Each structure stands twice: as structure tokens, then as C-alpha cells.
Amino acid sequence: MRRLRLEMARTHTKRSALNGRHSSGRSGKKPRRHIAVIGAGAFGGWTALYLQRRGARVTLLDAWGPGNSRASSGGETRVIRGVYGPDQPYTALAARAMQLWREHQKRWRRKFFFPAGVLWMADSAAEFERGSLPLLKEAGIPFEELTASQMTRRWPQINFERSAWGIFEPQSGYLLARASARAVVEHFLAEGGDYRQAAVMSPAGAALDSEWRTLKLSDGSSLAADSYVFACGPWLGTLFPRTIGPHFASTKQDVFFFGTPPSDSRYNEGSIPVWADHRDHFMYGIPGNEARGFKIADDTRGPAFDPTSGERVISHRRLAEVRRYLDYRFPGMKNAPLVESRVCQYEDTTDHNFIIDRHPAQASLWIVGGGSGHGFKHGPALGEMVANLVIRDEMSPANFRLSRFKRRPTGGKYAK
Ligand SMILES: Cc1cc2nc3c(=O)[nH]c(=O)nc-3n(C[C@H](O)[C@H](O)[C@H](O)COP(=O)(O)OP(=O)(O)OC[C@H]3O[C@@H](n4cnc5c(N)ncnc54)[C@H](O)[C@@H]3O)c2cc1C
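What counts, and at which threshold
Residues numbered from 1 in each chain as written. Predicted model: local features only at pLDDT ≥ 70, side-chain atom pairs only at ≥ 80, totals over all residues. Helix = DSSP H or I, 4+ residues; strand = E, 2+ residues; numbered from the N terminus. Buried ≥ 20, exposed ≤ 12 C-beta atoms within 10 Å, placed from the backbone. Contact = placed C-beta atoms within 7 Å. Near = placed C-beta within 6 Å. Nonpolar A, V, L, I, M, F, W, Y, C, P; charged D, E, K, R; others polar. Domains from an automatic or database assignment. Expected span 1.5 Å × (residues − 1). Pairing = 2+ DSSP bridges. Axes fitted to C-alpha atoms, helices over the stretch in contact; angles between N-to-C directions. Core = buried A, V, L, I, M, F, W, Y, C linked by C-beta atoms within 7 Å.

1. Some thoughts on the overall build of the protein chain
The secondary structure content of the protein chain amounts to ten helices and 20 strands. Burial statistics for the protein chain: of 416 residues in total, 47% are counted as buried. Here the analysis covers contacts within the protein chain between residues at least 6 apart in sequence; of these, 75% occur between residues at least 24 apart.

2. Details of the site of the ligand
Taken together, 39 residues surround the ligand, and among them G39, G41, G233, G371 and G375 come closest. For the shell around the ligand, the secondary structure elements donating two or more residues are α2 (42-53), β2 (57-62), β3 (77-80), β14 (248-258) and β18 (338-349). Element by element, the count of residues in the shell around the ligand is highest for β18, at four residues. When its residues are assigned to classes, the shell around the ligand shows 20 nonpolar, 14 polar and five charged. There are two domains that each give the shell around the ligand at least three residues, and those are domain 1 (2-20 + 30-72 + 178-248 + 351-407) and domain 2 (113-174 + 250-345).

3. Details of helix α9 (residues 379-392)
Between its first and last C-alpha, α9 extends 20 Å over 14 residues, near the 20 Å set by a 1.5 Å rise per residue. The positive-phi residue at the C-terminal boundary of α9 is D393, with phi of around 60°.

4. Quick look at the sheet that holds strand β9 (residues 194-197)
Read from one edge of the open sheet, six strands run β9-β2-β1-β13-β20-β19, paired in mixed fashion. The open sheet has two edge strands, β9 and β19 (355-359), and neither has a second partner. Across the sheet, the mean angle separating the axes of adjacent strands is 20° when strand polarity is ignored. Where strand β13 (residues 227-230) and strand β20 (residues 362-369) come together, three bridges link them in parallel fashion. Bridging across to β20, V229 finds its partner in W366. Of the strands in this sheet, β1 (34-38), β13, β19 and β20 are in contact with α9, which crosses β13 at around 155°.

5. Considering the nonpolar core
Across soluble globular proteins, you tend to see nonpolar side chains buried next to one another. Ranked by size, the top nonpolar core spans 109 residues in total, and within it V37, V229, F230 and V368 carry the most contacts. Counting residues domain by domain, this core receives three or more from each of domain 1 (2-20 + 30-72 + 178-248 + 351-407) and domain 2 (113-174 + 250-345). Excluding anything up to four places from it in sequence, V229 contacts I35, V37, G44, T47, W366, V368, V386 and V390.

6. Regarding the pairing of β9
Alternating residues of β9 divide into D194 and R196 and Y195 and Q197, and every residue in both groups is buried. Pairing analysis gives four bridges linking β2 to β9, with the strands arranged parallel. Across the sheet, L61 pairs through a bridge with R196, a residue of β9.

Right, here's the structure in full:
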């Protein structure tokens, strides 16, 4: 049924694309500004929806569709939480996103946000976690500080050795990724947007980084709009090799799903929360949900990965490491079978901050991306922010501007 709605919408958009670039629908009215959004992942989809709501005429394009298997917004689930360390904009953005996720699922009568709780295990130094506390408070994200013995009493199925304390966010949790990415585009269509499944090719004879007027699409057509928002996730570095390339990497990330023991719900949602372990390196996971197994991944950046042609086969060395960790931290999962695996990629900036800015050579072209392993949760809040910036023709916050790379080549630690 849902697939049908997207297919029908495609036919509709082909027809409406014929109506001309500046058509207002009613004669005598000022033509609406036409904005093309390229990329229908978490960033582009929500941006398109909010631009449409702000009164623009929006054409949304995607090469393979929202939440496709190559996209960073593909796959089952993503963590949503507020712990983000000190001095950063993301806790407040996550709080706004939580509010918008809740509002949309109520409005759309579909559940994407599962407040299973999120537990951060920290060591005693833990500047990152300590620095998060005032920002959580300020943003109004509920949290509890727990000692190791409190955590052990609460979740005896986890071995809390070498975790001195933790932060528990009872109302945070996980989101459905691919399902929500598709739903956003369905609702964008229902609210009057145009979606076309086609890839933007570089304009003939030029790179997107140079000045151009019209985009060439993979279906042989071309597209001209008043403004463009490129939200092409891990593809941004190759689409804009001069502007984005030097500050950007697409890295291979392996994700593992282990089968929980039969008739044992200790590692399923309801028994343990989403968790993150910030000790030596950053491991995280989501309890078994929708019978898909216990998700676990290592946030360490993997090797460079081509999102178009890369073969999505997990590393056996990484699997062995994850298994060792699983046996240690979650003893009841010892020898659990791998029931599924996925290869995704981070679209990682050198400082792990997002990119939201105009292209330096073309003021009508915005670049939105660099989710860096933690972007998904922010989708609705980011879409709302980007739509406001584009419509009001404002500057983005300094943290997200391209000019920051000149000042600050490396930094932050914002994963998940
Ligand atoms: C393993 C993994 C775990 C993660 N965990 C979390 C988490 O727990 N919490 C969290 O908040 N975030 C997490 N993230 C990060 C988050 O998923 C991403 O930051 C976010 O999904 C990026 O969305 P995007 O829209 O920028 O990119 P994408 O989803 O990749 O969307 C880009 C779209 O552009 C399209 N496209 C590309 N080139 C073209 C072209 N030339 N023409 C037309 N279309 C094109 C693609 O088809 C794609 O659909 C994780 C990421 C990974 C890989």
C-alpha cells in the first residue's frame, strides 16, 4: 500500500513537472519560489517537507529512493538521545527533534520513535558525559545519573565492569530509519510536493563545483530551479570535490545483529535500553526489537567506502572484535549467532559537525550534510532549520558553515 502511494506519486510528479517551472496553479498570483532538493534521506526529505510548508514549490529528487540500501538513512534503526558532550549545538537540536518526531507520528498515526531509554556507560574521568549534563538540563531532556551499583541492580544482564557511572535518558530511545525516511516523502507528496526518482548528473562539461544554470538528470531531462539544496549524504564529497572533498570522508561501518537466546527476553526492548559504551572506543547498540536481533556496532571510523559501487560485505576481523565485546559486556549473549549484518557508511566531516551552508561560488545552492554518524535523529529539526534559512535567505550558524574548516580542521566527538 505504501509502495503504491510512492509509485502513484511518481506518475503524478511526471505530469506536474510538465506544468512548467514557475506555474503557481492559479493565474494572477505571484509565482512561488521553486526549490529543488537533491537527496531524499533524513536531511533532504525533512528539508523538502518544511520548504513545502513554508510556501515554496519543491521538487525532490533521489537517485534510488528514500532510505535506499546505499543511503546513510537506510537500515532499520537509529539512536535518538541528548548526551553530546559540552559546548555543542546538538543537545538542543535533538530536544527539538524529539518534539517534532512525536508531533509527526501523532499527526501521521505511525510510530517511528520508540522511547526505550538510552543508557550511557562512562568511566570516572568522563569529561564528555559530565559536560553533557548542563546541556541536557537546559534542553529539558529528562535524565538520571546512576552509579555502577545502581546500574547493576537495574540491568543485571549487563556486566558493568570498568563503568564507573552512567547517564540514563528514560524518554530517549531509537527511531525506525528507512520506514520514516519513506514516510516523510509520502507526506511531502500528500502535502503537494513533487518527487522524481532520478539522479543529478554533473552539468555537461562542468563540475557542480563550478557555476552552472541547469542540472542534467539521469532520465535525460534537465531541471532548473530558483534555489537548490544538495542533501546527498556520503556522495557530497565527490559531487563537490573542491568545496566538500577535502573536509569529508565516506567510511565503511559494519553493523551486526545477534540472535537473542530462545525464550529469553533479557536482551529485548522492555528489558534493557539502547546503550552506548564510551570506554576505550565507542560501542553502541539497540536491544532486540521487531524480532530483528540485538544490534551492536563499533563507532570507530572504518576504511574509505564508495557509496555507489562499494560491496556491502562485513569485515570478519570486525565481527570477531564485536563478538569478544558482546561476550564480555552482555554475558547472556555469549556465542549468540549473527542473524543479520549491514554495511552502511558515515558521511563524516573532519570535525564531525554538519555542513549547512551556501556554496561559495553560487549563492542559490545550499549544501546540507555531513551527518557524521549522528545525523539521523535530527532530521525534522534540521529540516525545519534549513527551510527557514533558505526561505529567509539567512546565514547558517557558524558551527555549520564551510568557513570553519579554514579555522578548525579537526575536533569534536559527536558520534550517534
Ligand atoms: C551504521 C550507521 C549508524 C548510524 N547511527 C546513527 C544513530 O544511531 N543516530 C543518528 O542520529 N544517526 C546515525 N547515523 C547517521 C545518520 O544515519 C546519517 O547522518 C543520516 O542518515 C544522513 O542522512 P542524509 O540525508 O544526509 O544522507 P542519505 O541518507 O545518504 O541521503 C542522501 C540521498 O541522496 C541521494 N543521492 C546521492 N547522490 C545523488 C544524485 N547525484 N542525484 C540524486 N540523488 C542522489 C541518495 O540516493 C540518498 O538517498 C548512522 C549512520 C550509519 C551509517
